[in-house]
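Summary of structural features
Residue strings, one per chain:
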Amino acid sequence: MPDAAAVECHEARPELRRGAQNVVRTCLAAGSDDRAVLITDEATAPLAAAVLAELRSAAGETAVFVLERHGARPLPSLPPALADALAEATVSAMMVRPEPGELRVRAAVVELVQLHGIRHAHMPGVDREAMVTAMRADYEVGARLQDRLLDKLAGAEVVSVRTDAGTDLEVALSAKHTWVRSDGLIKPGKPQNLPTGLLQTTPESAEGIYVADGAIGDWFGVRYPDLASHPLTVELREGRVRSASCEEQALARQLLLYVRSNPNGDRVGELAVGTNLALEGCLGNVLRDQNVPGALITLG
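Parameters at a glance
Residues numbered from 1 in each chain as written. Predicted model: local features only at pLDDT ≥ 70, side-chain atom pairs only at ≥ 80, totals over all residues. Heavy atoms only, no water. Helix = DSSP H or I, 4+ residues; strand = E, 2+ residues; numbered from the N terminus. Buried < 20%, exposed > 50% of the residue type's maximum accessible area, 1.4 Å probe, protein only. Contact = heavy atoms within 4.5 Å. Pairing = 2+ DSSP bridges. Core = buried A, V, L, I, M, F, W, Y, C linked by side-chain atoms within 4.5 Å. 1 Å grid on protein atoms, 1.4 Å probe; cavity = no way out; pocket = protein on both sides within 12 Å on 5 of 7 lines; lining within 4 Å. Points joined across faces, edges and corners; volume = space filled by probe spheres on them. Nonpolar A, V, L, I, M, F, W, Y, C, P; charged D, E, K, R; others polar.

Glancing now at the side chain of threonine 62. Mapped onto the fold, threonine 62 is located in strand S2 (residues 62-66). According to the relative accessible area criterion, threonine 62 is buried, its value standing at 15%. Residues in contact with threonine 62, not counting those within four places in the same chain, are Ala36, Leu52, Leu55 and Arg56.

Below, the discussion takes up unusual backbone geometry. Residues apart from glycine generally show negative phi values, whereas peptide bonds are mostly found in trans. Following arginine 73, the chain continues to proline 74 via a peptide bond in cis, the omega torsion being 5 degrees. Note the cis peptide between leucine 194 and proline 195, where omega equals -5 degrees. For alanine 29, which is not a glycine, the phi torsion comes out positive at approximately 50 degrees. The phi angle at aspartate 218 is positive, at roughly 55 degrees, despite the residue not being glycine. Among the secondary structure elements, aspartate 218 is positioned in the loop between strand S10 (205-212) and helix H8 (220-223).

Moving on, we get to the pairing of strand S6 (residues 168-172). Residues of S6 alternate between two faces, with Leu169 and Val171 buried on one and Asp168, Glu170 and Ala172 left unburied on the opposite face. In this structure, strand S5 (residues 158-162) lies alongside S6, joined through five bridges in antiparallel fashion. In the strand pairing of S6, arginine 162 is matched with aspartate 168. The turn joining S5 and S6, which pair antiparallel and follow one another in sequence, is formed by five residues; a positive phi near 120 degrees is taken by glycine 166. Judged from the five bridges that link them, S6 and S10 form a sheet pairing that is antiparallel. Each residue of the ladder has a partner; that of alanine 172, found in S10, is serine 205.

The next subject is the nonpolar core. Side chains of nonpolar character tend, in soluble globular proteins, to be buried together. With 39 residues, the main nonpolar core has Val23, Val51, Met123 and Met131 as its most contacted residues. Mapped by element, the contributors of at least two residues to this core are helix H1 (3-8), helix H2 (17-27), strand S1 (36-40), helix H3 (45-58), S2, strand S3 (91-95) and helix H6 (128-132). Broken down by element, the residue count for this core peaks at nine residues, all from H3. Counting 33 residues, the second-largest nonpolar core is a separate cluster that includes Leu236, Leu251, Ala272 and Leu296.

Attention now moves to the layout of surface pockets. If you add up the space inside the second largest pocket, you get close to 160 Å³. For the second largest pocket, the full set of lining residues is Glu99, Gly101, Glu102, Leu103, Arg104, Asp218, Trp219, Tyr258, Ser261 and Asn262. Of the residues in the lining of the second largest pocket, the class split is three nonpolar, three polar and four charged.

Shown next as structure tokens:
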């Protein structure tokens, strides 16, 4: 079965249409002159069908890639045919379920997006709930909230983050790094994760305790979706992970192995503030939950 047929066999469901329209027409601003690439997998194909329908309505030629059609997952590298298609694309979207060991494939997509100046919607881990809530947000309202937050953060050297769950963190900001807006209005070569609604910066350092009780990224989120029942506590010193603990002991152990497997993987690489007012509470999907009003950190 060709890749496109593996997506077309799913109905473009009506409740997904508004979110798909936001992806294609608002975030990617796709038009008839655009050449599109849609990357998905068998698990996410039912959602991708709605986005494919919008791409075919708004854009020009659309190439479809279903990862399982190009090898056993996790794929060890980016399929050459996909790399060739991205070299000719002007807009693209990646809607897949994250798999352990496949980070390099997603990173390769982002590198090609930046190299070729593609307007790219990065959506690993997207689910139905994200499409019918966060992807239906009014991004203009979120942009105005970001304006107000940036006014308050202007000139700040330290941000304190404290929560009822036990987070007590002092984050030193870096004069070398400004706050980056992720407002959903994607520019060429500047991919954004969708759904979005996020202000983010690279801090100088971080000290204290961070309790993750909402969501965790990459394949961890698939395996451990319910952090509310077993929060993950991370101790940070001089901007790096010193220890991790959790009632789900395997999660803490695997996180430490994960962040220590790459150079600087244990460093706090990002502080972010969610600004998507369409969202209330975390559901365990970090792609959605990172945009819930509140603070989060990224390691690596």
